[in-house]
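Report on the structure
So the chains spell out like this:
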Amino acid sequence: QVQLVESGGGLVQAGGSLRLSCAASGRTYVMAWFRQAPGKEREFVALINRSGGSRYYADSVKERFTISRDNAKNTVYLQMNSLKPEDTAVYSCAAGTFSDVRVGNYDYWGQGTQVTVSS
């Protein structure tokens, strides 16, 4: 069983930055961040493979967000810069077997952390 615990969410003004963390237990998986805004479906944000050598981003966050991982600490990070009000959502990390943008690929999910960007 894998447990994922996110932290680092909060309220920030547009143009600001936040760093989210996801601490994982168990073995190494492909890790991803998803987000869900009120009234909208959960959407893919970014993923990173097991070694950290391959990363993939949604077009909406490219050049602004960076995903990274520290396997020694079993932790994945999401550095979010130049935040926009439309980035407001609950952000969740997820662990899965394959590098895939689909929600169904991921077997384990954290509880989520709220990110609110004010204009």
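A brief report on the enclosed structure follows. (Residues numbered from 1 in each chain as written. Predicted model: local features only at pLDDT ≥ 70, side-chain atom pairs only at ≥ 80, totals over all residues. Heavy atoms only, no water.)

On to the pattern of salt bridges. A side chain with one charge may pair with a side chain of the opposite charge, provided their charged atoms come close. Counting across every chain of the model gives five salt bridges. When the shortest N-O distance is used, the salt bridge between K62 and D59 registers 3.0 Å. For D59, a relative accessible area of 64% puts it in the exposed group. Within the structure, one salt-bridge network assembled from shared partners comprises R35, E43, R64 and D87. (Salt bridge = Lys/Arg side-chain N within 4 Å of Asp/Glu carboxyl O. Buried < 20%, exposed > 50% of the residue type's maximum accessible area, 1.4 Å probe, protein only.)

It is worth spelling out the state of the cysteines at this point. Per the counting criterion, the structure on display carries one disulfide. Sulfur-sulfur distance for the disulfide between C22 and C93 comes to 2.0 Å. Because the torsion about its S-S bond is 55 degrees, the bridge between C22 and C93 counts as right-handed. Here C22, found in strand β3 (residues 18-24), pairs with C93, found in strand β9 (residues 89-96); they are 71 residues apart in sequence, far enough to count as distant. Just as C22 is buried, C93 falls in that class too. (Disulfide = S-S within 2.5 Å. Helix = DSSP H or I, 4+ residues; strand = E, 2+ residues; numbered from the N terminus.)

Inspection of the entire model under this criterion finds one cavity of 30 Å³ or more. Counted as a void, the largest cavity has a volume near 40 Å³. Along its surface, the largest cavity is lined by A24, R27, T28, Y29, M31, R69, N71, N74, T75 and V76. (1 Å grid on protein atoms, 1.4 Å probe; cavity = no way out; pocket = protein on both sides within 12 Å on 5 of 7 lines; lining within 4 Å. Points joined across faces, edges and corners; volume = space filled by probe spheres on them.)

This part covers the nonpolar core. Ranked by internal contacts, the top residues of the largest apolar core, which has 37 residues, are L4, W33, L78, M80 and Y91. Mapped by element, the contributors of at least two residues to this core are β3, β4 (30-36), β5 (43-48), β7 (65-70), β8 (75-80), β9, β10 (106-109) and β11 (113-118). Excluding residues within four positions of it along the chain, M80 makes contact with G16, S17, L18, L20, R64, F65, Y91 and V115. (Core = buried A, V, L, I, M, F, W, Y, C linked by side-chain atoms within 4.5 Å. Contact = heavy atoms within 4.5 Å.)

Here we take up the sheet that holds β3. An order of β1-β3-β8-β7 is seen for the four strands of this open sheet, with the pairing classed as antiparallel. The sheet is open, and its two borders are formed by β1 (4-7) and β7, each paired with just one other strand. Across the sheet, the axes of successive neighbouring strands diverge by a mean angle of 15 degrees, strand direction being ignored. Bridge count for β1 against β3 is four bridges, and the pairing is antiparallel. (Pairing = 2+ DSSP bridges. Axes fitted to C-alpha atoms, helices over the stretch in contact; angles between N-to-C directions.)

This part takes up the packing of aromatic side chains. According to the stated counting rule, one finds six aromatic pairs in the structure shown. Their ring planes at 70 degrees and their centres at 5.4 Å tell us that F34 and Y106 sit as a pair that is edge-to-face. You can see F34 sitting in strand β4 and its partner Y106 sitting in strand β10, a full 72 residues away along the chain. By relative accessible area, which is 1% here, F34 ends up buried. Judged by its relative accessible area of 4%, Y106 falls in the buried class. Ring centres of F34 and W109 lie 5.0 Å apart, and the angle between their planes is 55 degrees; on these two criteria the pair is classed as tilted. Linking F34 in strand β4 with W109 in strand β10, this pair joins segments that are 75 residues apart in sequence. Take W109: its relative accessible area is 26%, and that puts it in the partly exposed class. Each residue in the set F34, F44, Y56, Y106 and W109 is aromatic and connected to the rest through ring pairs, giving one cluster. Here R27 stacks its cationic end above the ring of Y29, 4.4 Å away from the centre of that ring. Stacked on the ring of W109, the Lys or Arg R42 has its end atom at 4.2 Å from the ring centre. (Phe/Tyr/Trp six-rings, centres within 6.5 Å; stacked < 30°, edge-to-face > 60°. Lys NZ or Arg CZ within 6 Å of the ring centre and 35° of its normal.)

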